[in-house]
Amino acid sequence: MKRFSRATLFALSLVVPLTAAAPHSALADYDVWKSTTSLADPSKYKDGFEHYAHVNPDAPKGGTLNQAVNGTFDSFNPFIVKGNAAAGLTFFGGFLWDTLMSQGVDEGAVSHALIAEAVKWPQDYSSATFRLNPNARWHDGKPITAEDVKWSMETLTKHSPQHVRYFKNVKEVRIDGERLVTFLFDQTNNRELPQIMGDLPVLPKHWWEGTDPNGNKRDFTTATLEPPLGSGPYKIKSFSAGSSIEWERVKDYWAADLPPRKGRFNFDTRKYTYFLDDNAIWLAFQKGGFEDIREENRAARWQQEYNFPAITEGKVKKVTFDETANYPMVGWVPNMRRDKFKDRRVRKALNLAFNFRQMNEDLFFNQYTRLATYFGGSVMSATGLPQGREKEILEEFRGKIPEDLFTQPYENPVYETRRDTRKFLGQAFKLLQEAGWKSEGGKLVNDQGEQFTFTILGSNPASERVNAPFISALTRLGMAVDFRVVDQSQYIQRIRNFEFDMVVAGAFQSTSPGNEQRDYWTSTSADEIGSRNWGGIKNPVIDTLVDRIILAKNRDELIAHVRALDRILLFEHYSIQQWYLAQDRVAYWDKFGIPEPQPTYIGYDLESWWIDPVKAAALGQD
């Protein structure tokens, strides 16, 4: 089950105790209609709850939320690889399209009824049946039907690469009544499938199969700037292609009083203005009127640059929100579709050359911690030496996986003194030699005399400062490495098509990893355009582990197999992991009402905020 964070790694969770409890215990009620489901511990909310604990159910509606975006857009279709989708549109539908169920915002691996008022499944998990809410409506007033659900699944799994992989195990969609839709699966005992079906964004069949204002038949496979018909809390009011988009709250939104929506989505208007780079956005935030809230990801800026007039005058507030959700893996990912990165020794050498301690001191004011797991902040992380069931699993693959993972815990290099630079670079050079590289005239070359060269691709010029120390170390090894910035649109297309040597990418994980692991790590996804297997991993052992994770019979088996996967990913050095901070650093213009406390699971829930008209008027805003 995938939880998507506010933070964007690419334009593209909650610690669960290890117990001997039954697998996904909250899913143990077979053939019983449920409006709240959980893949881990039972949700704190029972069927029929009224609203999230952190929201103000009587929050006032109104006002404008201004937000800034880096790049451009040319499409209102976020489901296909063509075009760059506008802000507010996502893989799950964003503001415009509701899903069958709504992912919980204050606890992991939980979903609540939305378009579907309830769901049930048989004991073997061979299918999932959803009962639609009779009040569910499109913005044109027409009801959302079972036929819309069926059409959405069939269309998305035909034309959307991510949905093809996410809903891979659906073999048939069956309409069982006016408001009943059943998804039939091609396998049994996959306990995650009933819940991930709730993530399906439901699209209006009658709109997409209709004609545009010019009488032309609409084509789902192409980018479009015709505002589509939706069902969600907002609809597109106006836009200037590539430069701005304005959303307006749907005043008669059909789901406004449902538990996951009540007290949320309070802004009447959401304006997104596009800028060419992050520095322009930073300047716009200081000025006001273009960006009302900013999540700061630069430690140096947070420490040194929040001293502009609006801060000193008290017009802008600077706060931190603790976040308990799993932190993502983020790292430099070498593209193993390039021959130079296929050797594990080369990838390990790259990691040895990264002096995180020095970078943390020089650039980050020692605010960060180095990552050493792909499943951070949860019991899924592989720590120490493999033991118990995890060790048994790894023993099955001995000889096909790195031998050292059996005898030593995974550790990143720790540069304690300046002499450690020589030590770790020496170790890195030895590995490179073993992989067939040698030093000639200060250059690292292969037997053909070709220097080891590659480019780190980025879209933000400000990232040069964090790439520079790493590049400097690699240069000392004789490599020729550069950091290249391209515009956001080109960056997205190159990532989608794997046209890069190395890129910074990330993987968000939940408390119950499952089907999405196929998209990150498996051989099949390595060659599928638009997948999140950015490194091009093709490892039969990992393929096997991912299948077992998806079909885990109980939670202990799930945890053991995820730990085994984590350990192999680490020892294969598929990324040079970066760093994390278990907090959200947020600055905002003081125009908001904010219910307290905010949900620590995600740090803060912006949708629970509202515009305080008195505060906004004092700032000269609405």
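What counts and how
- Once a new chain begins, its residue numbering starts again from 1 and follows that chain's sequence as written.
- This being a predicted model, a pLDDT of at least 70 is required before a residue's local features are given, and a value of 80 or more before pairs of side-chain atoms are given or counted; all residues contribute to the totals for chains, interfaces and linings.
- Calculated side-chain values reflect all of the structure's heavy atoms, with hydrogen atoms and water omitted.
- We define the nonpolar core as a collection of buried residues of types Ala, Val, Leu, Ile, Met, Phe, Trp, Tyr and Cys that are connected through side-chain atoms lying within 4.5 Å of one another.
- Three labels apply to residues, based on accessible area from a 1.4 Å probe with only protein chains included: buried if under 20% of the type maximum, exposed if over 50%, partly exposed otherwise in between.
- In this description a helix means any DSSP run of H or I spanning at least four residues, a strand means any run of E spanning at least two, and both kinds are numbered starting from the N terminus.
- An arc is given here, and it is the one of the directions from the helix axis to the C-beta atoms.
- When checking whether two residues touch, look at their non-hydrogen atoms; a contact exists if any pair is within 4.5 Å.
- Note on aromatic contacts: the rings of Phe and Tyr and the six-membered ring of Trp form a pair at centre separations within 6.5 Å, being stacked when their planes are under 30 degrees apart, edge-to-face when over 60 apart, and tilted otherwise.
- We define a salt bridge as a contact between a side-chain nitrogen of Lys or Arg and a carboxyl oxygen of Asp or Glu at a distance within 4 Å.
- Under the rule applied, a polar contact is a pair of N or O atoms within 3.5 Å (in protein, one hydrogen donor and one hydrogen acceptor; residues adjacent in sequence only if both atoms are side-chain atoms).
- DSSP-based pairing: two strands are paired if at least 2 bridges between them are found.
- Every angle, taken between N-to-C directions, lies between 0 and 180 degrees, and every axis is a line fitted to C-alpha atoms, over only the stretch in contact when it is a helix.

**Structural notes on the nonpolar core**
Step number 1: If you look at the biggest cluster of nonpolar residues, it comprises 82 residues, and the most contacted ones within it are Phe454 and Trp521.
Step number 2: Looking at this core, the element that brings in the most residues is helix H17 (residues 555–571), giving ten residues.
Step number 3: If you look at the next biggest cluster of nonpolar residues, it comprises 74 residues, including Phe95, Leu132, Leu193 and Val202.

**Some remarks on helix H9 (residues 356–363)**
Step number 1: Every buried residue of H9 is accounted for by Phe356, Met359, Asn360 and Leu363. Angularly, the buried residues of H9 cover 100° about the axis, an arc narrow enough to put them on a single face.
Step number 2: Among the structural elements, helix H6 (299–304), strand S15 (369–370), helix H12 (464–476) and strand S22 (579–580) are those in contact with the buried residues of H9.
Step number 3: Among the residues trailing H9, Phe365 stands out with phi positive, at a value near 55°.

**Quick notes on the packing of aromatic side chains**
Step number 1: Counted by the stated rule, this structure contains 54 aromatic pairs.
Step number 2: Residues Tyr234 and Phe265 carry aromatic rings whose centres are separated by 6.4 Å and whose planes lie at 65° to one another, so their mutual orientation is edge-to-face. Of this pair, Tyr234 sits in strand S9 (residues 234–240) while Phe265 sits in the loop between strand S10 (244–249) and strand S11 (269–275); the two residues are 31 residues apart in sequence, bridging distant segments of the chain. In this structure, Tyr234 and Phe265 share a single accessibility class: buried.
Step number 3: Relative to Trp579, the ring of Tyr368 lies with its centre 6.4 Å away and its plane at 40°, an arrangement referred to as tilted. Highlighted residues: Tyr368 in the loop between H9 and S15 and Trp579 in strand S22, separated in sequence by 211 residues. For the pair Tyr368 and Trp579, one class covers both residues: buried.
Step number 4: Members of the aromatic cluster, connected to one another through ring pairs, are Trp332, Phe354, Phe356, Phe364, Tyr368, Phe470 and Trp579.

**Comments concerning the side chain of Glu291**
Step number 1: With respect to the helices, strands and loops of the structure, Glu291 is situated in the loop between helix H5 (278–287) and strand S12 (293–295).
Step number 2: Among the residues examined, Glu291 registers a relative accessible area of 7% and is labelled buried.
Step number 3: If near-sequence neighbours (up to four positions away) are discounted, Glu291 is found in contact with Asn66, Gln67, Ala68, Ile281, Phe285 and Trp589.

**Here's the deal with the pattern of salt bridges**
Step number 1: Tallied over the full model, the rule gives 41 salt bridges.
Step number 2: Here Asp339 ties to Lys342 by a salt bridge, and the two come within 3.0 Å at their closest N and O atoms. Like Asp339, the residue Lys342 is exposed in the burial classification.
Step number 3: Here Glu440 makes a salt bridge to Lys438, at a shortest N to O gap of 3.6 Å.
Step number 4: A single network of salt bridges, built from pairs that share partners, joins Asp278, Glu291, Arg294, Glu296, Arg301 and Glu305.

**A short note on the side chain of Asp590**
Step number 1: Turning to its location among the elements, Asp590 is positioned in the loop between strand S23 (583–589) and strand S24 (592–593).
Step number 2: Other than its neighbours up to four places away in sequence, Asp590 contacts Gly314, Lys315, Lys317, Lys615 and Leu619.

**Considering unusual backbone geometry**
The phi angle of most residues is negative, glycine excepted, and most peptide bonds adopt the trans form.
Step number 1: Note that the residue after Glu596, namely Pro597, is joined by a cis bond; omega there is -5°.
Step number 2: Positionally, Pro597 belongs in the loop between S24 and strand S25 (610–611).
Step number 3: A positive phi angle is found at Phe265, which is not glycine, with a value near 55°.
Step number 4: Positive phi outside glycine occurs at His573, with the angle close to 55°.
Step number 5: With respect to the helices, strands and loops of the structure, His573 is situated in the loop between H17 and strand S21 (576–577).
Step number 6: Take His573: its relative accessible area is 5%, and that puts it in the buried class.

**Comments concerning helix H8 (residues 344–352)**
Step number 1: Among all positions of H8, only Val346, Arg347, Ala349, Leu350, Asn351 and Leu352 are buried.
Step number 2: Here H8 starts with a cap whose side-chain oxygen sits 2.8 Å from the backbone nitrogen of Arg345, and that cap is Asp343.

**Re the sheet that holds strand S8 (residues 180–185)**
Step number 1: Strand order in the open sheet made by the four strands is S5-S6-S8-S7, with antiparallel pairing throughout. In the strand order of this sheet, the two ends are held by strand S5 (116–120) and strand S7 (170–177), each with one partner. For this sheet, the mean inter-axis angle between neighbouring strands, taken without regard to orientation, is 20°.
Step number 2: Where S5 and strand S6 (residues 127–132) come together, four bridges link them in antiparallel fashion. Residue pairing in the sheet places Ala116 in a bridge with Leu132 of S6.
Step number 3: Lying on the sheet, helix H1 (residues 146–159) is in contact with S6, S7 and S8; it crosses S7 at an angle near 170°.

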